[in-house]
Amino acid sequence: MTGVVLKDVDLSNKNLTGTALSRVDFRGANLDGVDLRGINLSGANLSGVDLSNKDLTGTILSEVDLSNLDLTGTILTAANLSGANLDGVDLRDKDLTGTILSEVDLKNKDLTGTVLKHSRINIIVNNYNNIMFRLV
């Protein structure tokens, strides 16, 4: 289903296990009751999608614009957020154990109470050096 447009579609309680959903346009779609654990959503458009209280364990969200989405209660352990836009996303008190955060702008992020155990974070310093932190 790569690149499919599912804008405003009600997918509530659908079984999408094992489905390739990269670059899918989910704008405004209803994903209530959908098991998104471990699903590849890289490059998907999730604008207007309610991801609060969802279990996104192991979900691939690379290059996804999550800006200003409410992730209250969302589980992101072992998720791949490489290149994701997290502007306006509250990461305080989030458990990001095992999460990949390479090429994610964490500048001005309040990480108070955030668990980053076994996470991978790549940052660019002065646009010259790519430094990788692996938190154990």
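Details of the structure are given in the entry above.
Tallying secondary structure elements over the protein chain gives zero helices and two strands in all. In the protein chain, of all internal contacts separated by at least 6 residues, the share reaching a separation of at least 24 is 0%.

With phi around 60 degrees, Asp8 is a residue other than glycine that occupies positive phi space. Positionally, Asp8 belongs in the segment before strand E1 (120-125). The exposure class of Asp8 is exposed, given its relative accessible area of 54%.

Mapped onto the elements of the fold, Asn80 is located in the segment before E1. There is a polar contact of 2.7 Å between the side chain of Asn80 and the side chain of Ser82. If sequence neighbours within four positions are ignored, Asn80 has contacts with Thr59, Ile60, Leu61, Ser62 and Ile100.

Take the pattern of salt bridges next. Tallying each qualifying case throughout the model produces four salt bridges. Across the pair Asp25 and Arg27 runs a salt bridge, and its minimum N-O distance is 2.6 Å. We classify Asp25 as buried; its relative accessible area is 11%. Residues Asp90 and Arg92 are paired through a salt bridge, measuring 2.9 Å at the closest nitrogen-oxygen approach. Assessed through its relative accessible area of 40%, Asp90 is described here as partly exposed. Its relative accessible area of 44% is what places Arg92 among the partly exposed residues.

Cut-offs used in this document
- Residues numbered from 1 in each chain as written.
- Predicted model: local features only at pLDDT ≥ 70, side-chain atom pairs only at ≥ 80, totals over all residues.
- Heavy atoms only, no water.
- Helix = DSSP H or I, 4+ residues; strand = E, 2+ residues; numbered from the N terminus.
- Contact = heavy atoms within 4.5 Å.
- Buried < 20%, exposed > 50% of the residue type's maximum accessible area, 1.4 Å probe, protein only.
- Polar contact = N/O pair within 3.5 Å; in protein donor to acceptor, adjacent residues only side chain to side chain.
- Salt bridge = Lys/Arg side-chain N within 4 Å of Asp/Glu carboxyl O.

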